[in-house]
Amino acid sequence: MGISSVTADSSSHLARERFLGVCAWSVHGYTALGAVAGLFAIVYAAQGDFRAAFLAMAIAVAIDASDGTLARAFNVRQRTPVFDGALLDNVVDYLTFVVAPVFLMLRAWILPAGWPGLGVASLVMLASAYGFCRVDAKTDDNYFLGFPSYWNLAALYLYCFGLSTTANAVIVAAFAAMVFVPIKYIYPSRTQPLRPLTMVLGFIWGALTVALVLALPATPRVLLWGSFGYVVYYFSASFALHARALVARTSSQTDVPS
């Protein structure tokens, strides 16, 4: 192999690595766009355009659901070692999954007016801050530990079901308390048990939920209950898998000879 061939191969490899480095940084930029979507959600909610606010939050969810796959594809951890993509993801998620929907719940009068509503909203903010900062918030076997701060979905369903503000406050406070309860919840894209079923139902849920948001302020019952059915499945499956793990652990401890 001649010197010119070696030089050409080296130049080609360098160009490829530079291109992949740009792609890796672009993935971080893509993740950061979720924060922009969260900002738009807050602005639209402040203007009383709740349909647009929910659409902005849906865009943030789509970004959050896809950026991890892109990050792994372009090996961003190795190609951007000076930048913490996981920290960026948590910052964006706290804005889009907590701050924006909590503000919407206040602005849309989902929560009670005045100090009672602000008190429940503050409880959510504090509980979620704890949840996001737990080092074991995502377990080694790919579950969320404690309620995973799906406040955007809580806001959507409470908005659509139109319950009383008192009932909403009780429900929201209960979910905030569940952040501290160490129950494992399915991480839809990573939890291995039931993963094919979870993913298929998740895609159906996504289509139904987007259609539901597009129909707002009307709430077609077929879309609402079809979408909410996945929520019932998610919690039921999470509790069942958590109970199964507890039973298996108890059995293994019982079988150990003294």
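Conventions used here
- Residues numbered from 1 in each chain as written.
- Predicted model: local features only at pLDDT ≥ 70, side-chain atom pairs only at ≥ 80, totals over all residues.
- Heavy atoms only, no water.
- Helix = DSSP H or I, 4+ residues; strand = E, 2+ residues; numbered from the N terminus.
- Buried < 20%, exposed > 50% of the residue type's maximum accessible area, 1.4 Å probe, protein only.
- Contact = heavy atoms within 4.5 Å.
- Lys, Arg positive; Asp, Glu negative; His and termini not counted.
- Charge placed at Lys NZ, Arg CZ, Asp CG, Glu CD.
- Salt bridge = Lys/Arg side-chain N within 4 Å of Asp/Glu carboxyl O.
- Phe/Tyr/Trp six-rings, centres within 6.5 Å; stacked < 30°, edge-to-face > 60°.
- 1 Å grid on protein atoms, 1.4 Å probe; cavity = no way out; pocket = protein on both sides within 12 Å on 5 of 7 lines; lining within 4 Å.
- Points joined across faces, edges and corners; volume = space filled by probe spheres on them.
- Nonpolar A, V, L, I, M, F, W, Y, C, P; charged D, E, K, R; others polar.
- Expected span 1.5 Å × (residues − 1).
- Arc of directions from axis to C-beta.
- Core = buried A, V, L, I, M, F, W, Y, C linked by side-chain atoms within 4.5 Å.
- Patch = residues over 30% accessible without salt bridge, like charges linked within 9 Å, V, L, I, M, F, W, Y side chains within 5 Å.
- Areas by Shrake-Rupley, 256 points an atom, 1.4 Å probe, with all protein chains shown as cover.

So, the overall build of the chain
Helices and strands together make up the secondary structure of the chain, namely 9 helices and 2 strands. Secondary structure elements of the chain, listed N to C terminal, follow the sequence α-α-α-α-α-β-α-α-β-α-α. Considered along the principal axes of its C-alpha atoms, the chain spans approximately 80 × 65 × 35 Å. Taken over 258 residues, the chain has a buried fraction of 37%. For the chain, contacts bridging at least 24 residues in sequence account for 80% of all contacts bridging at least 6. Charged side chains in the chain number 15 positive and 12 negative. The centres of these two groups are separated by 5 Å.

Side note on the pattern of salt bridges
In total, this model carries 2 salt bridges according to the counting rule given. Residue aspartate 136 is joined to arginine 134 by a salt bridge in which the shortest nitrogen-to-oxygen separation is 2.9 Å. Residue class for aspartate 136 comes out partly exposed when judged on its relative accessible area of 32%. Between lysine 184 and aspartate 141 there is a salt bridge; the shortest N-O distance is 2.7 Å. Note that lysine 184 is positioned in strand S2 (residues 184–186) and aspartate 141 in the loop between helix H5 (114–133) and strand S1 (143–145), a separation of 43 residues in sequence.

Quick word on the environment of phenylalanine 235
Relative to the assigned elements, phenylalanine 235 resides in helix H9 (residues 221–255). In sequence terms phenylalanine 235 and phenylalanine 147 are 88 residues apart; their C-alpha atoms lie 10.0 Å from each other. When near neighbours in sequence (up to four residues on either side) are disregarded, phenylalanine 235 contacts Phe147, Phe175, Met178 and Tyr185.

Quick look at the packing of aromatic side chains
What the rule picks out here adds up to 25 aromatic pairs. Pairing tyrosine 157 with phenylalanine 228 gives two aromatic rings, centres 5.3 Å apart and planes at 70°, and the pair type is edge-to-face. Placement of tyrosine 157 in helix H6 (residues 151–161) and of phenylalanine 228 in helix H9 is noted, with a sequence separation of 71 residues between them.

Quick notes on empty space enclosed by the protein
Taken as a whole, this structure holds 1 cavity of 30 Å³ or more when the rule is applied. Counted as a void, the largest cavity has a volume near 50 Å³. Of all elements in the fold, only helix H1 (3–46), helix H2 (50–73) and helix H4 (85–107) reach the threshold of two or more residues within the lining of the largest cavity. Ranked by the residues each element gives to the lining of the largest cavity, the list is headed by H4, at 5 residues. Here the lining of the largest cavity is composed, by residue class, of 4 nonpolar, 3 polar and 4 charged.

Some words on helix H7 (residues 165–178)
A turn of α-helix holds 3.6 residues, and therefore any two residues three or four places apart point the same way. The end-to-end C-alpha separation of H7 is 20 Å, in line with the 20 Å expected for 14 residues at 1.5 Å each. Those residues of H7 that sit buried are Asn168, Ala169, Val172 and Ala176. Considered in projection along H7, the buried side chains sweep an arc of 100° and stay on one side of the axis. Along H7, exposed side chains directed more than 90 degrees from the buried face belong to Thr166 and Val170.

Considering the nonpolar core
If you look at the biggest cluster of nonpolar residues, it comprises 52 residues, and the most contacted ones within it are Phe54, Leu104, Met105, Trp151 and Val172. Counting residues per element, this core draws most heavily on H9, at 9 residues. In this structure leucine 104 touches Ala45, Phe50, Ala53, Phe54, Met57, Ile110 and Ala155, once residues within four positions along its chain are discounted.

With respect to the environment of threonine 219
Following the sequence through the fold, threonine 219 ends up in the loop between helix H8 (195–215) and H9. Separated by 24 residues in sequence, threonine 219 and arginine 195 have C-alpha atoms that sit 30 Å apart.

What to know about unusual backbone geometry
For the bond from leucine 216 to proline 217, the omega torsion is 10°, close enough to zero to count as cis. A positive phi angle, close to 65°, is found at leucine 194, a residue other than glycine. Note that leucine 194 resides in the loop between S2 and H8. Exposure remark for leucine 194: the relative accessible area of 39% places this residue in the partly exposed category.

Structural notes on a nonpolar patch on the surface
On the surface, Leu33, Val36, Leu39, Phe40 and Val43 cluster together to form a nonpolar patch covering roughly 430 Å² of accessible area. Mapped onto the elements, phenylalanine 40 comes out in helix H1. Judged by its relative accessible area of 43%, phenylalanine 40 is partly exposed.

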